[in-house]
2 protein chains.
Amino acid sequence: TFNFLILQRLKDWVAIESVSTDPEKRHLVINMMLLAEERIRKLGGTVEMVDLDMQELPNGNKISLPPVILANIVKDPKKPTVCFYGHMDVQPAKIEDGWSTEPYILTEKNGNLYGRGASDDKGQVLAVLNAIEALQKHELPVNVKILLEGMEEVGSIGLNTLVKQRNSTFFSDVDYIVVTDSAWLSNKPGITYGTRGICYFFVEIECAKRDLHSGSFGGILHEAMNDLIFLLNTLVDSSGHILIPGIYEAVVPLTEKEKKLYEGIEYDLDQIMAKYGLEEFRNKTKEELLMQRSRYPSLSIHGIEGAFSAPGAKTVIPAKVTGKFSVMLVPNMEPSVVKKQVTDYLNKKFTELNSPNSIKVTSDTGSKPWLSDINETHLCYLHSLVFGKDADMIRAGGTIPIATHFQEVTRKSIMLLGIGGPDDASHGQDEKISRYNFIEGTKLYAAFLQELATV
Amino acid sequence: TFNFLILQRLKDWVAIESVSTDPEKRHLVINMMLLAEERIRKLGGTVEMVDLDMQELPNGNKISLPPVILANIVKDPKKPTVCFYGHMDVQPAKIEDGWSTEPYILTEKNGNLYGRGASDDKGQVLAVLNAIEALQKHELPVNVKILLEGMEEVGSIGLNTLVKQRNSTFFSDVDYIVVTDSAWLSNKPGITYGTRGICYFFVEIECAKRDLHSGSFGGILHEAMNDLIFLLNTLVDSSGHILIPGIYEAVVPLTEKEKKLYEGIEYDLDQIMAKYGLEEFRNKTKEELLMQRSRYPSLSIHGIEGAFSAPGAKTVIPAKVTGKFSVMLVPNMEPSVVKKQVTDYLNKKFTELNSPNSIKVTSDTGSKPWLSDINETHLCYLHSLVFGKDADMIRAGGTIPIATHFQEVTRKSIMLLGIGGPDDASHGQDEKISRYNFIEGTKLYAAFLQELATV
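Throughout, a residue's number is its position along its own chain's written sequence, starting from 1. The naming scheme follows written order: chains are lettered A onward, ligands numbered 1 onward. Two thresholds apply to this predicted model, a pLDDT of at least 70 for residue-level local features and 80 or more for giving and counting side-chain atom pairs, whereas whole-chain, interface and lining totals are computed over all residues. No hydrogens and no water enter the side-chain calculation; it runs on all heavy atoms of the structure.

- Under the annotation held in an unreviewed UniProt entry, chain A carries the name Peptidase M20 dimerisation domain-containing protein and is attributed to Chelonoidis abingdonii.

This is the structure in structure tokens:
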């Protein structure tokens with residue numbers, strides 16, 4: 001246990017394995033929502049726990065979605081209202097994945113707080129609530145609303161519909177929406193005004209009804225793995241260039257003015273390389289790297305389902321294998337166009353193979369890239385005032401689909417003001433938030449709310 | 001439960017999840033050895049449970065190996081002695097892999113007995129013991145020894161050493177060694193006089209110390225999966241031809257005389273295709289298919305460890321991925337030569353990629369192909385007498401390294417006389433033995449022992 005109350009709170013939250021992708025852990029996501037509800041009530045907030053429709057699993061079964069929290073703290077119509085968004089679910093984590101500490105036991109080492117969700121997103125949400133608590137000792141300077149969900153890591157199932165339904169009620173008096181799910185690029189606070197979008201693809205190849213013994217069947221069969229490996233090898237070249245025809249056509253050309261923006265950002269490439277054990281980046285300069293990550297698409301191959309993936313050796317010819325990869329989208333790439341380009345390309349390449357096996361290319365619904373106008377008053381103002389320093393103005397590599405959706409539905413001013421560090425390893429092993437970011441981030445939210453009252 | 005005693009015995013054996021590849025199931029393999037010991041003692045056999053050295057796991061931990069059974073039933077020096085070999089461990093199986101029935105509950109459907117190990121190899125060992133029991137009602141016509149191990153599916157760890165140690169004691173009075181771990185090609189009994197060997201390879205590529213988020217890192221990194229997919233795609237072409245230079249050089253050329261052997265074998269290609277849901281074989285005729293499987297090498301890609309392999313979507317860049325594939329060897333391919341050819345080739349291909357990532361190619365110890373002289377008296381004799389029919393003379397696609405080893409160390413006459421069917425799906429989902437093979441196979445073993453007494 002931690003003597004310092006706000007650290008102990010984070011420990012209590014991290015302890016709950018609220019993995020949204022695993023239906024067997026759904027009750028833990030729900031428990032996590034209840035814990036957040038309790039915390040907000042203790043701040044004097046009124047909380048509505050909104051039930052969503054059931055989730056339909058791939059096997060046809062239905063399962064409850066965790067409730068969404070819509071909360072409201074104080075109400076003075078003369079003051080502006082800010083709505084914070086965050087999520088209580090986390091990516092899966094097991095110590096066997098290569099963690100140095102138990103992923104669900106928050107552990108402090110060398111100024112860092114290690115644990116799944118410490119940064120993404122439990123630590124960030126808690127920092128907001130802690131900032132509110134601190135300001136309440138005197139008086140909360142603005143009206144605060146809070147929206148917390150439990151399905152962000154699997155695409156915020158059900159949330160889009162809810163935002164539409166509550167647009168003229170819950171959101172009607174909201175002036176600013178602040179998404180607390182983003183990271184800084186250095187020790188300076190960063191404001192994220194754009195994110196990439198994503199399309200996630202599944203290529204399934206089937207060569208048999210059941211797995212076969214490679215001794216008995218090796219050599220006499222068109223093996224599904226061969227076809228899949230061939231297809232996955234046609235997606236990017238060794239320089240990272242995506243080989244799918246037309247995929248770069250919609251990318252907005254770089255202007256000199258935009259180029260200048262990247263020069264002012266602090267970002268320590270060596271620190272990141274050391275943290276993740278990288279030999280080198282593809283990009284030689286900080287600016288090139290930030291541009292590749294912010295304003296150009298990329299394609300990553302994540303893995304294969306259905307093949308042998310356990311330790312050791314197994315002499316199997318897998319019957320049905322599904323390759324998984326995703327394309328990160330940038331303005332003005334449209335998910336529907338990218339889906340067609342990728343699907344057509346894979347089907348064409350498969351035809352070239354002349355294989356008797358069957359292919360099925362599917363994709364998720366996809367999410368659009370999001371980009372705010374950097375000249376918007378709200379962003380400019382905060383840019384100069386926040387935290388006593390100029391904030392870095394960031395376009396994130398990852399995707400926060402809910403930001404796009406908030407903007408399209410509510411037409412409010414949206415920003416991402418998170419407090420993650422540049423090397424937090426969210427989604428990876430040894431996820432952490434630094435004590436510095438957690439404490440200074442809490443102060444940042446307090447300063448932000450104070451400043452907002454003076455707008 | 002089955003009314004028929006010998007089926008109930010098989011059910012009891014299948015019920016034990018004796019998976020040798022999983023250290024956490026090791027106690028179940030040991031339980032299985034104890035159950036077999038009990039069965040042999042009930043036949044009046046004397047049983048030695050031989051402890052082997054400890055097994056060292058990849059993580060450095062040590063774990064007990066299951067004991068090996070060396071058993072002895074009756075002793076009349078005037079009679080010949082036959083030693084049966086079999087194994088009590090099984091490949092992993094889970095109903096989620098796509099089984100129609102619970103893999104560890106023997107279930108009869110349409111004349112087949114479904115369950116993991118029903119054919120490979122519990123059913124075959126039990127048929128031998130049942131045949132002995134039946135003959136004992138009168139008198140066992142020959143001396144019988146039995147060797148059962150529990151680590152066959154992971155390379156018979158420790159057994160080679162034991163065979164050498166006991167060569168001048170346990171094996172000194174053995175005239176014939178019969179391996180009961182092989183399958184027929186039709187409804188006719190088959191005698192296997194050759195098997196392929198194998199080299200199993202692991203190609204590890206590492207691009208980072210920990211997994212990365214593909215949003216934040218996609219595009220700026222040489223991803224390990226890209227390098228691995230590239231390498232795996234250089235192994236075979238779309239016709240199944242292995243692309244590793246020199247790999248076919250040691251393959252014994254086909255003679256007209258050998259070619260004729262394949263023409264007499266009964267093998268129903270359509271039945272196999274229907275059973276496994278195959279669209280087509282690479283080979284157009286039965287003879288071509290049997291030759292590809294018996295006397296030519298093949299290469300199969302089994303899967304990737306370290307990448308995302310679960311259902312659903314995960315936006316991860318895996319830090320370290322290990323591709324697994326194996327090459328089936330035929331006379332006169334030497335494992336040590338193949339290892340060098342494959343390793344050199346992969347390292348050369350990787351150099352072409354100009355990747356900053358690290359590569360490590362490793363392989364298991366490998367096993368040689370095995371081929372008996374088909375003109376040996378013992379084989380010829382049985383060929384004409386067994387089961388009242390001409391047996392099919394088979395060279396198996398899979399590998400039975402212990403057959404090679406028995407031959408090299410003991411210099412005894414070796415044969416594989418199994419009773420599996422042509423479509424038993426050993427190592428796959430819905431493994432089964434047919435009631436026909438199990439019952440007629442038991443009779444075959446009884447007939448074989450009777451005939452052996454008259455040699």
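A short note on the nonpolar core
(1) Moving on: For the purposes of this section, nonpolar cores are sets of buried Ala, Val, Leu, Ile, Met, Phe, Trp, Tyr and Cys residues that join through side-chain atoms within 4.5 Å. Three labels apply to residues, based on accessible area from a 1.4 Å probe with only protein chains included: buried if under 20% of the type maximum, exposed if over 50%, partly exposed otherwise in between. The biggest cluster of nonpolar side chains holds 112 residues, and the ones touching the most others in it are Phe325 of chain A together with Phe325 of chain B.
(2) Moving on: Beyond its immediate stretch of four places on either side in the chain, Phe325 of chain B contacts Cys199, Tyr200, Phe201, Val203, Leu232, Leu235, Leu299, Ser300, Ile301, His302, Val342 and Leu346 of chain B.
(3) Moving on: Core analysis: the second largest hydrophobic core is formed by 55 residues, Leu10, Met415, Ile419 and Tyr445 of chain A among them. Contacts: residue pairs with any heavy atoms within 4.5 Å of one another.

Concerning unusual backbone geometry
(1) Moving on: In this chain, Asp120 of chain B is followed by Asp121 of chain B through a cis amide linkage whose omega measures 10°.
(2) Moving on: Going along the chain from the N terminus, every DSSP run of H or I of four or more residues is numbered as a helix, and every run of E of two or more is numbered as a strand. For Asp121 of chain B, the location among the structural elements is in the loop between β7 (112-114) and α3 (122-136).
(3) Moving on: The residue Ser156 of chain A is not glycine, and still its phi comes out positive at about 50°.
(4) Moving on: When you line up the elements, Ser156 of chain A lands in the loop between β8 (143-149) and α4 (159-165).
(5) Moving on: Of note in this structure, Arg411 of chain A is not a glycine but carries a positive phi near 60°.
(6) Moving on: Of note, Arg411 of chain A is situated in the loop between α12 (401-410) and β19 (413-416).

Let's talk about the UniProt feature "domain: Peptidase M20 dimerisation" (unreviewed entry) in chain A
(1) Moving on: UniProt positions are given in the numbering used here, feature names are shortened, and annotations may be inferred rather than shown by experiment. Within this numbering scheme, the UniProt entry marks residues 193-350 of chain A as carrying the feature "domain: Peptidase M20 dimerisation" (unreviewed entry).
(2) Moving on: Between the end C-alpha atoms of residues 193-350 of chain A there is a gap of 40 Å, over a span that is 35% helix and 22% strand.

Let's talk about α12 of chain A
Residues and elements named next belong to chain A.
(1) Moving on: With respect to burial, α12 is a largely interior element, seven of its ten residues being buried.
(2) Moving on: Three or more residues of α12 are buried, namely Ile402, Ala403, Thr404, His405, Phe406, Val409 and Thr410.
(3) Moving on: If you follow the buried residues of α12, they end up packed against β5 (81-87), β8, α4, β9 (176-179), β17 (370-371) and β19.
(4) Moving on: Where α12 ends, the next residue or the one after it, Arg411, has phi of about 60°, a positive value.

Quick look at the packing of aromatic side chains
(1) Moving on: Stacked, tilted and edge-to-face pairs are distinguished by plane angle, under 30 degrees for stacked and over 60 for edge-to-face with tilted covering the rest, among Phe, Tyr and Trp rings (Trp via its six-membered ring) whose centres lie within 6.5 Å. For the structure shown, the criterion picks out 16 aromatic pairs over all chains.
(2) Moving on: Cluster of aromatic residues (ring-pair linked, three or more members): Tyr85, Phe170, Phe171 and Phe406 of chain A.
(3) Moving on: Positioned above the aromatic ring of Tyr114 of chain B is the side chain of Lys109 of chain B, whose terminal nitrogen or guanidinium carbon lies 5.6 Å from the ring centre.
(4) Moving on: One cation-aromatic arrangement involves Lys145 of chain B over Phe170 of chain B; the distance from NZ or CZ to the ring centre is 4.6 Å. Should the NZ of a Lys or the CZ of an Arg lie within 6 Å of a ring centre and within 35 degrees of the ring normal, that charge is described as sitting over the ring.

Focus: the sheet that holds strand β6 (residues 107-109) of chain B
Residue and element names in this part refer to chain B.
(1) Moving on: In this description, strands pair whenever DSSP reports at least two bridges between them. Taken together, the three strands give an open sheet; going across it, the order is β6-β7-β20, and neighbouring strands pair in antiparallel fashion. Each edge of the open sheet carries a strand with a single partner, namely β6 and β20 (432-434). For this sheet, the mean angle separating the axes of adjacent strands, direction not counted, is 25°.
(2) Moving on: Here three bridges tie β6 to β7, and the two strands are oriented antiparallel to one another. Looking at the pairing, Glu108 lines up with Leu113 of β7. Inter-axis angles, ranging from 0 to 180 degrees, are taken between N-to-C directions of lines fitted to C-alpha atoms, where helices are fitted over the stretch in contact.

Quick word on the sheet that holds strand β7 (residues 112-114) of chain A
Residue and element names in this part refer to chain A.
(1) Moving on: Pairing is antiparallel in the open sheet, where three strands are placed in the order β6-β7-β20. Edge strands, defined here as strands with exactly one partner in the open sheet, are β6 (107-109) and β20 (432-434). The mean angle between the axes of side-by-side strands here comes to 25°, regardless of whether they run parallel or antiparallel.
(2) Moving on: Alignment of β7 against β20, held across three bridges, turns out to be antiparallel. Its bridge partner lying in β20, Leu113 is registered against Ile433.

Let's talk about the domain arrangement of chain A
All names here are of chain A.
(1) Moving on: Throughout, the edges of the domains are those of an automatic or database domain assignment. Splitting chain A by domain gives domain 1 (5-195 + 369-453) and domain 2 (197-251 + 296-363).
(2) Moving on: With centres defined by C-alpha atoms, the gap from domain 1 to domain 2 works out at 34 Å.
(3) Moving on: Facing the seven residues of domain 1 at the interface are seven residues of domain 2.
(4) Moving on: Carbon and sulfur atoms make up 74% of the area that domain 1 and domain 2 hide from each other, which totals about 490 Å².
(5) Moving on: Buried area is calculated as the accessible area (1.4 Å probe) missing from two parts once they are joined, with the contributions of both summed. Looking only at domain 1, the three residues that lose the most surface to domain 2 are Pro369, Arg395 and Thr399, adding up to 75% of its buried area.
(6) Moving on: In the sections that follow, a salt bridge refers to a side-chain nitrogen of Lys or Arg positioned within 4 Å of a carboxyl oxygen of Asp or Glu. The tally of links from domain 1 across to domain 2 stands at zero salt bridges.
(7) Moving on: Identification of polar contacts relies on pairs of N or O atoms within 3.5 Å, with a donor-acceptor requirement for protein atoms, meaning one able to donate a hydrogen and the other able to accept it, and with residues adjacent in sequence counted only if both atoms are side-chain atoms. Across the contact surface, domain 1 and domain 2 share zero residue pairs in polar contact (both at pLDDT 80 or more).
(8) Moving on: Each residue belonging to the side of domain 1 that touches domain 2 can be placed in one class, and the counts come to two nonpolar, four polar and one charged. Each residue is assigned to one of three groups, with Ala, Val, Leu, Ile, Met, Phe, Trp, Tyr, Cys and Pro labelled nonpolar, Asp, Glu, Lys and Arg labelled charged, and all others, Gly among them, labelled polar.

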